[in-house]
Amino acid sequence: MDAPLWVENAEILDLVHDSIIVRDMGGRVVQWNAAAEALYGWTREEASGRDLHDLLRCGDPALLPAFEARLLAEGTWEGELCRTTRDGAETWIDLRWSLQRDSEGRPTCIVETGRDVTARRAAEEAARLTEYRYRNLFQAMSVAFFEVDFTGVGALLIPLREKGVDLRAHLAAHPDLVREAMRLARVLDVNDKTLSLFGAGSRDEIIGGGVEPFWPDESLAVFGEALVETFEKKPHLITETRLRDLHGGTLDVLFTVSWSPESRRRGILLIGIIDVSDRRRAFEALQRSERRYRSLFNYMPIALWQLESTQMREMFDNLASQGITDLRGWAEDHPEFVEEAQRSLAVTEANEQTLKLFGASDRDTLLALMPSLWVDRGDYAEAAAARLSGAQSYSAEGAIRTVDGRRVEIQFSVAFADPGNPESLNMVGAVDISESKRATAALAQLQSDFAHAARVATLGELTASIAHEVNQPLAAIVTNGEASLRWLTRAEPDVEEVRILTSRMVADARRAADIIARVRAMAAHQAPALASSDANALVEQSLGFLRHELAANGVTVAVDLAPDLPAIRVDRTQIQQVLVNLAINAVQAMTQAGIVRPALALRTAGTDRGGVRIEVEDNGPGVAADCVARLFDSFFTTKPGGLGIGLSLSRSIVEAHGGEIAFADTGGGARFVFTLPGAEAGAPVPRADHTKV
Amino acid sequence: MPGEELEAVVTSERFVSIVEDDSSLREALVGLLRSHGYSARGFANAEDYLAVRDGLCGCVISDISMPGLSGLELSDRLREMGYFVPMIMITARAEPALEQQARDRDIVCLLRKPFAADALMDCVERALAA
């Protein structure tokens, strides 16, 4: 058997870069060069005599018999195998096997040369993946893609460029040339999105043709620019333009052209088109809405301004993280914190009306000054507390200082920014209510005047009774005085008689003075004043006005006063006015109806809610059913010559005190019941100046 | 109790009944008559006077406006009962119609409060002389 030549000169093999392995026909290694040692990690000694395929565990051993068979049949085999090196790494090897034969043609051994192609394979794999991804994107993205061959366009324009023509100006001046370039461009491929966007039934309608059908005249400049930039070798172009689909409909699109260096060489451009019609419509709607908001903001007859409160929010978050929950209390104890928080507010916008409200001539001056002007500390702390408690808005009355130093009373509302939405803003609206406050005060004055006029009118009705009340003690005084003189002018003056009579005169004079004082109080025009009062005393004082009127009309009075009533906080004159009013109404009703034994009952009682109930009941004709509903209306009267303000005024007075008044038909007369809240019941203290008719 | 001003010795010529609901004026009138040497008895209202059926008095001074029967009604009632006692009316009211009503009933005097004591005493003397 001839020993192969190269086996004798094995050292030579070590000079070769490729791994060279010789195996005998049984597959055992007989030769293993240095490159093989480096590639597989096994030394020549370790590899010698081992089965090659066992040693370098093939990734897919099932394939090997086929490869060996091919080798035997054809004498060579080339291919790639995945092998495992000594340290366990899988390595792709590009292999060439050749079968050696002896002089008689018998196979003797197999010579293998191998080269590590792992790195190359990885690069190929990556390239394949990129291609796959590109294809995927090309089809799957909601972008319409055109692959366009611009070779023909190049042929049209490059000669011009070489003649030194300024392409940009030239194309702008020659739209026909742009059109021609469009016709010369060849669409190589499009994706499904292109078909749907441009209304094509199949690829054939687009592929192979030019791009001219898609470009309306108004967009020619965009295409021209794309051409110019292609020659200027820009990496990409992105612009918005308007295209048209195959049916003539217009499309607002984002138009992108990209040139990879390689595709540029081949004259191929990738054009991506994104339909922005929807987005544009939405954007335009947004712009319209923004314009509307602007004009509302600017021209509403209300002062509106925006507050930036991010910094303030942080300050409050800080407090919250320190466990401080009672913000109001905290604000009272730490005025410096409130001032700081208030300073941290920035007014970012303000409308015309705001300028007017603050008496500012220009916006910048106002915006710089405003946070310190617009609200005093108390209002501010309340608003902040409302905001922290999760309210979406806060409204209150407050006051501002104007730029020119006036104080203006305002009604303001704050719509708080949504903490979860960084786009939302704090919006403040305010109206000047100084005028309305003045009007309210004037109205209150008018109402007070009116109540006073009504009292004076009532006193007018009582003139006869009052005269009688005053004349009675005066007559007694005169009589006692005359009698005293008689006793004094006797031969023996009776001093004891005179002493008794004089003390009577003093008592009568006092009584007359009391009556005068009572009438004067009723007739006086005083600002309403609330005082803690006893309801029973008020009833008795009112009877003082009425005693003679009742007597003169033969009315018997039953007074039933509950002991231990809670105190009420009222304007005494006004409540007496109500009582006198109701009683006079009753007397007049009974007299008019010719009631034989007219009787009036006055009762007081406590209420469940800690207040007082007062009843005025008569045995007159009651109130006709069709009049009951209008009983408390202003200027409603059933009395000849009546003004119709008594009951209306009575109701206003009672309600202004936080009470209620109601009428009930007892079946045998009329009963008016009114309630007044107790002074200690925590009921809202009425503002007596709000009496209205 | 009505009639607390009753004198120990009375004669109808010097005895006057006073019907007046206002106690201080009633007492003042009783005092005035006493100072003039008359006996006088006060009643708080017409009903009380009628209840006593006092036949001794020579004249009645009565208020007009009172709870219950008025002075004029008292006058009518006395006439109905056949009791003709001279009457003097005193009133704080100002209506002119009262004059006519008084004349219709043969009232001796109608005095408006406050009145001069001399005027009242003149009336009392005229009434007792009637």
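Residues numbered from 1 in each chain as written. Chains lettered and ligands numbered in written order. Predicted model: local features only at pLDDT ≥ 70, side-chain atom pairs only at ≥ 80, totals over all residues. Heavy atoms only, no water.

**Q** Could you give an account of the sheet that holds strand β20 (residues 612-618) of chain A, naming the residues involved and the relevant values?
**A** Residue and element names in this part refer to chain A. The strand order across the open sheet formed by five strands is β17-β19-β20-β22-β21, and the pairing between neighbours is mixed. The sheet is open, and its two edges are formed by β17 (556-560) and β21 (661-665), each paired on a single side. The average undirected angle you get between the axes of adjacent strands in this sheet is 15°. Bridge count for β17 against strand β19 (residues 599-606) is five bridges, and the pairing is parallel. In the strand pairing of β19, Asp-560 is matched with Arg-603. Where helix α24 (residues 535-552) meets the sheet, its contacts fall on β17, β19 and β20, and the angle it forms with β19 comes to roughly 175°. (Pairing = 2+ DSSP bridges. Helix = DSSP H or I, 4+ residues; strand = E, 2+ residues; numbered from the N terminus. Axes fitted to C-alpha atoms, helices over the stretch in contact; angles between N-to-C directions. Contact = heavy atoms within 4.5 Å.)

**Q** Would you mind going over the pairing of strand β1 (residues 19-24) of chain A in detail, with residue names and values included?
**A** All names here are of chain A. Summarising burial for β1: six of the six residues are buried, a large majority. By the alternation rule, side chains of β1 split into Ser-19, Ile-21 and Arg-23 and Ile-20, Val-22 and Asp-24, which are all buried. Pairing between β1 and strand β5 (residues 107-116): six bridges, direction antiparallel. Within β5, the position partnered with Asp-24 by the bridge is Cys-109. Bridging between β1 and strand β2 (residues 29-32) involves three bridges; their strand directions are antiparallel. If you follow Ile-21 over to β2, its bridge partner there is Trp-32. Between the antiparallel neighbours β1 and β2 lie four residues, among them Gly-27 with a positive phi of about 90°. (Buried < 20%, exposed > 50% of the residue type's maximum accessible area, 1.4 Å probe, protein only.)

**Q** An account of the state of the cysteines is needed here, citing residue identities and associated values.
**A** All names here are of chain B. Applying the stated rule across the entire model yields one disulfide over all chains. Note on cysteine connectivity: Cys-109 is disulfide-linked to Cys-123, with sulfurs 2.1 Å apart. Here Cys-109 and Cys-123 share a disulfide; its torsion about the S-S bond, -90°, makes the bridge left-handed. Of this pair, Cys-109 sits in strand β5 (residues 109-112) while Cys-123 sits in helix α5 (residues 117-129), and the two are 14 residues apart along the sequence. (Disulfide = S-S within 2.5 Å.)

**Q** Mind laying out the sheet that holds strand β4 (residues 90-101) of chain A, listing which residues take part and the relevant values?
**A** Residue and element names in this part refer to chain A. Taken in spatial order, the five strands of this open sheet run β2-β1-β5-β4-β3, and their pairing is antiparallel. Single-partner strands in this sheet number two, and they are β2 and β3 (76-84). For this sheet the average axis-to-axis angle between neighbouring strands, irrespective of direction, equals 25°. Bridge analysis of β4 against β5 gives nine bridges, and the strand direction is antiparallel. If you follow Leu-95 over to β5, its bridge partner there is Gly-114.

**Q** Give me the pattern of salt bridges: which residues, what numbers.
**A** Close approach of charged atoms lets side chains of opposite charge pair. Residue and element names in this part refer to chain A. Tallied over the entire structure, the rule returns 45 salt bridges over all chains. Where Arg-86 meets Glu-46, a salt bridge forms, and the shortest distance between an N and an O atom there is 2.9 Å. In this pair, Arg-86 is assigned in the loop between β3 and β4 and Glu-46 in helix α4 (residues 44-47), connecting sequence segments 40 residues apart. Judged by its relative accessible area of 43%, Arg-86 falls in the partly exposed class. What makes Glu-46 partly exposed here is its relative accessible area of 29%. A salt bridge links Asp-252 to Arg-242; the shortest N-O distance between them is 2.9 Å. (Salt bridge = Lys/Arg side-chain N within 4 Å of Asp/Glu carboxyl O.)

**Q** Requested: an account of the environment of Glu-11 of chain A, with residues and values cited.
**A** Residues and elements named next belong to chain A. You can see Glu-11 is positioned in helix α2 (residues 10-13). Judged by relative accessible area, which is 58%, Glu-11 ranks as exposed. Along the primary structure Glu-11 and Ala-34 are separated by 23 residues, whereas in three dimensions their C-alpha atoms are 9.0 Å apart.

**Q** Could you give an account of the interface of chain A and chain B, with specific residues and numbers?
**A** Each side of the interface is counted separately: chain A has 20 residues, and chain B has 24 residues. The tally of links between chain A and chain B comes to three salt bridges. Here Arg-34 of chain B ties to Glu-497 of chain A by a salt bridge, and the two come within 2.5 Å at their closest N and O atoms. For the interface between chain A and chain B, the tally reads nine residue pairs in polar contact (both at pLDDT 80 or more). Secondary-structure elements contributing two or more residues to the side of chain A that touches chain B are α22 (463-489), α23 (495-523) and α24 of chain A. The dominant element in the side of chain A that touches chain B, judged by the number of residues it contributes, is α22 of chain A, at 13 residues. When the residues that make up the side of chain A that touches chain B are grouped by side-chain class, the tally is seven nonpolar, six polar and seven charged. (Polar contact = N/O pair within 3.5 Å; in protein donor to acceptor, adjacent residues only side chain to side chain. Nonpolar A, V, L, I, M, F, W, Y, C, P; charged D, E, K, R; others polar.)

**Q** So what's going on with the nonpolar core? Which residues, and what values?
**A** Residue and element names in this part refer to chain A. Ranked by size, the top nonpolar core spans 50 residues in total, and within it Phe-545, Leu-546, Ile-575, Leu-579, Phe-672 and Phe-674 carry the most contacts. Broken down by element, this core gets its largest block of residues, ten residues, from helix α25 (residues 572-592). Setting aside anything within four residues of it in sequence, one finds Phe-545 in contact with Leu-459, Leu-462, Ser-465, Arg-518, Val-519, Met-522, Gln-576 and Val-580. Ranked by size, the runner-up nonpolar core spans 41 residues in total, among them Val-148, Phe-223, Ala-226 and Val-253. (Core = buried A, V, L, I, M, F, W, Y, C linked by side-chain atoms within 4.5 Å.)

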